[in-house]
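This is what each chain is made of:
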Amino acid sequence: MRGFEKVKDEFVKYDEKETKMPVRATKNSCGYDFYSPIDLTIKPGESELIWTNVKAFFNENEVLFLFVTSKMGAKHIMIANGTGVIECDYYSNPSNDGNLGFRLINLGKDDYVIKRGDKIGQGVFTYFLKADDEKEVTAVRQGGFGSTSKGFSN
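A.B. asks: I would appreciate a short explanation of the sheet that holds strand S8 (residues 84-87) in the present structure.
C.D. replies: Sheets are built from strands that pair by backbone hydrogen bonding, the pairs being arranged parallel or antiparallel. Strand order in the open sheet made by the 4 strands is S2-S11-S6-S8, with antiparallel pairing throughout. Looking at which strands have only one partner, the edges of the open sheet turn out to be strand S2 (32-35) and S8. When the angles between neighbouring strand axes are averaged without regard to direction, this sheet yields 30°. Judged from the 4 bridges that link them, S2 and strand S11 (residues 119-127) form a sheet pairing that is antiparallel. Bridging across to S11, phenylalanine 34 finds its partner in glycine 121.

A.B. asks: I keep staring at the pairing of strand S9 (residues 101-106) and nothing clicks. Help me out?
C.D. replies: On a regular strand, one side chain projects to one face of the sheet and the next to the other, so that they alternate. Bridge analysis of strand S4 (residues 47-51) against S9 gives 5 bridges, and the strand direction is antiparallel. Each bridged residue has a counterpart across the sheet, and for isoleucine 50 the counterpart in S9 is phenylalanine 102.

A.B. asks: How should the pattern of salt bridges be read in this particular structure?
C.D. replies: Side chains that carry opposite charge are capable of pairing whenever their charged atoms lie near each other. Summed over all chains, the structure comprises 5 salt bridges. Across the salt bridge formed by aspartate 33 and lysine 119, the nearest N and O atoms sit 3.3 Å from each other. In this pair, aspartate 33 is assigned in strand S2 and lysine 119 in strand S11, connecting sequence segments 86 residues apart. Given a relative accessible area of 6%, aspartate 33 falls into the buried group. For lysine 119, a relative accessible area of 39% gives the class partly exposed. Note that aspartate 97 is salt-bridged to lysine 55, the shortest N-O span being 3.1 Å. In this pair, aspartate 97 sits in the loop between S8 and S9 while lysine 55 sits in strand S5 (residues 54-57), placing the two residues 42 residues apart along the sequence. Just as aspartate 97 is buried, lysine 55 falls in that class too.

Criteria and thresholds
Residues numbered from 1 in each chain as written. Predicted model: local features only at pLDDT ≥ 70, side-chain atom pairs only at ≥ 80, totals over all residues. Heavy atoms only, no water. Pairing = 2+ DSSP bridges. Helix = DSSP H or I, 4+ residues; strand = E, 2+ residues; numbered from the N terminus. Axes fitted to C-alpha atoms, helices over the stretch in contact; angles between N-to-C directions. Salt bridge = Lys/Arg side-chain N within 4 Å of Asp/Glu carboxyl O. Buried < 20%, exposed > 50% of the residue type's maximum accessible area, 1.4 Å probe, protein only.

Listed below in structure tokens is the structure:
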């Protein structure tokens, strides 16, 4: 099973009343479009983190990759770390309930204006494989956004 839900009310950012859920634009789209809940301008050379107020649930052998749209890439707007990698245990984590965020950076020469409801990226679900000779991993996620190198317990 996989899908999207609104985060719990206490984790909603920007006093948003109605969350626009991710959708695929066409029947053959692999990516789910995510939308901005706020108006925002990203100046050249600067980055901004936009919380979507959406969380994703999916199976243990799957991952959700976050990308910008091709239109955004053409305007030199990128996700700051290149690609967002979301593991299944990010869902409902205690620090932000799994709120998905897009940290966008403007590598262009002009301001990039985002209006509430504009697409800010897309998410693609896919399977991943583990090494056959991997030692058992027992660490459990304790944190949220950016917690891969911290916030785990054994």
